[in-house]
Amino acid sequence: MENARPASLAPYETVRVTNPGGLSPFVFTCDHASNVLPAEFGTLGLPAADLSRHIAWDPGALPVALRMAEALDATLIETRVSRLVIDCNRPLDAPDLVPPVSETTAIPGNSGLSDKQRAARIDLAWRPFHDTIAQIVERRLARGQETRLVSVHSFTPIYKGKSRPWHIGIIHDEDRRLAAPLISALRRLSGVTVGVNEPYSPADRVYFTLERHARSRGLPCAMIEIRNDEIAGETGQRKWADLLTGIFSNLEPEEARGSRQRTMGKSVQSAS
């Protein structure tokens with residue numbers, strides 16, 4: 001399990017960018033990378049043990065994303081504050097932006113917040129995270145750099161008593177340009193059960209970061225969910241990062257592949 005971040009973070013430290021000048025077309029986000037509660041929040045009224053649970057972060061997601069970014073020369077943008085403080089993968093009007101309950105656990109420190117307290121949390125982590133993504137994407141587009149956005153998450157093997165059989169899930173909406181070839185490649189792996197819009201789908205309101213920064217700009221995007229018992233340790237993290245890196249190294253959006261095939265077909269016809 002990855003180490004916790006420093007206990008107190010200044011606002012400008014609540015988002016971190018790895019390899020901002022990456023040449024890969026892929027930009028990764030890790031929206032729930034950290035379980036840190038800055039000192040002013042204490043434990044939000046929770047036992048310390050709860051802060052290592054999935055309710056506080058996505059265990060294993062960050063090491064996988066970091067290894068992929070390094071191998072692919074991709075940019076990675078991560079949150080450095082627990083989603084118990086504020087969930088950066090939610091719109092500002094979402095009822096669980098500052099969750100009063102996570103799964104079945106009440107969060108005492110999140111009840112009865114004033115508008116001022118809520119706004120302070122937005123300014124602490126949510127706004128810096130989304131402003132940073134927007135700035136990086138806009139800079140890439142301004143210089144004509146191809147950009148595909150992928151968010152990396154993890155999920156629990158059991159949720160509210162229900163077992164989840166998938167090793168990995170790919171979440172997408174009607175734009176399947178990245179998701180379709182990614183799903184096809186994963187399904188060719190032996191012994192891997194792939195969920196399609198499982199264990200979540202955009203209808204569960206988990207697609208916000210991609211909607212805000214990719215779909216709004218017409219960019220190919222997809223969301224990866226890895227079951228967290230698969231990536232609880234370094235061996236599993238390395239395994240999944242390397243598997244995904246191999247897939248992403250050869251991954252083309254459906255639209256681009258179809259366009260190239262049409263071009264090749266025209267060339268063959270011209271030569272005949």
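Fair warning: this is a prediction, and the values are worked out from it, not measured in the lab.

A. Broad picture of the side chain of histidine 130. Along the chain, the position of histidine 130 falls in helix H2 (residues 115–142). For histidine 130, the contacting residues outside a window of four places in its chain are Cys88, Phe208, Thr209, Arg212 and His213.

B. How the structure looks around the confidence of the model for the protein chain. Overall, the predicted model of the protein chain reaches an average pLDDT of 91, with 89% of residues at or above 70. Within the model, the stretch residues 1–7 combines pLDDT values under 50 with 25 contacts to residues more than four positions away or in other chains.

C. Broad picture of the environment of histidine 153. With respect to the helices and strands, the residue histidine 153 is situated in strand E6 (residues 148–155). Given the relative accessible area of 1%, histidine 153 is considered buried. The contact partners of histidine 153, leaving out residues within four places of it in the chain, are Asp31, His32, Asp58, Ala61, Asn89, Met223, Ile224, Glu225 and Ile226. At 3.5 Å, the side chain of histidine 153 forms a polar contact with the side chain of histidine 32. In terms of polar contacts, histidine 153 uses its side chain to reach the side chain of aspartate 58, at 3.1 Å.

D. Spatial organisation of the pattern of salt bridges. Going through the model one piece at a time under the given rule, you end up with 18 salt bridges. In this structure, arginine 83 and aspartate 58 form a salt bridge, with 3.0 Å as the shortest nitrogen-oxygen distance. Within this pair, whereas arginine 83 is found in the loop between strand E3 (75–79) and strand E4 (101–102), its partner aspartate 58 is found in the loop between strand E2 (26–30) and helix H1 (61–72), the two being separated by 25 residues in sequence. Connected via shared salt-bridge partners are Asp173, Glu174, Asp175, Arg177 and Arg215.

E. Highlighting the sheet that holds strand E9 (residues 168–171). Taken in spatial order, the 7 strands of this open sheet run E1-E3-E2-E6-E11-E9-E10, and their pairing is mixed. A strand with exactly one partner marks an edge of an open sheet, and here the two such strands are strand E1 (15–18) and strand E10 (194–196). Taken pair by pair, the neighbouring strands of this sheet meet at an average axis angle of 20 degrees, ignoring direction. With 3 bridges joining them, E9 and E10 adopt parallel strand pairing. From the neighbouring strand, isoleucine 168 faces E10, where its bridge partner is valine 194. Its contacts with the sheet put helix H5 (residues 234–249) on E2, E6, E9 and strand E11 (221–227), and the angle it makes with E11 is roughly 155 degrees.

F. Representation of H2 in the model. The largest bend in H2 comes to about 45 degrees, at aspartate 123. Two residues or fewer past H2, glycine 144 is found with a positive phi of approximately 75 degrees.

Calculation notes
- Residues numbered from 1 in each chain as written.
- Predicted model: local features only at pLDDT ≥ 70, side-chain atom pairs only at ≥ 80, totals over all residues.
- Heavy atoms only, no water.
- Helix = DSSP H or I, 4+ residues; strand = E, 2+ residues; numbered from the N terminus.
- Contact = heavy atoms within 4.5 Å.
- pLDDT = per-residue confidence, 0-100.
- Buried < 20%, exposed > 50% of the residue type's maximum accessible area, 1.4 Å probe, protein only.
- Polar contact = N/O pair within 3.5 Å; in protein donor to acceptor, adjacent residues only side chain to side chain.
- Salt bridge = Lys/Arg side-chain N within 4 Å of Asp/Glu carboxyl O.
- Pairing = 2+ DSSP bridges.
- Axes fitted to C-alpha atoms, helices over the stretch in contact; angles between N-to-C directions.
- Bend = angle between axes of the 7 residues up to and from the residue.

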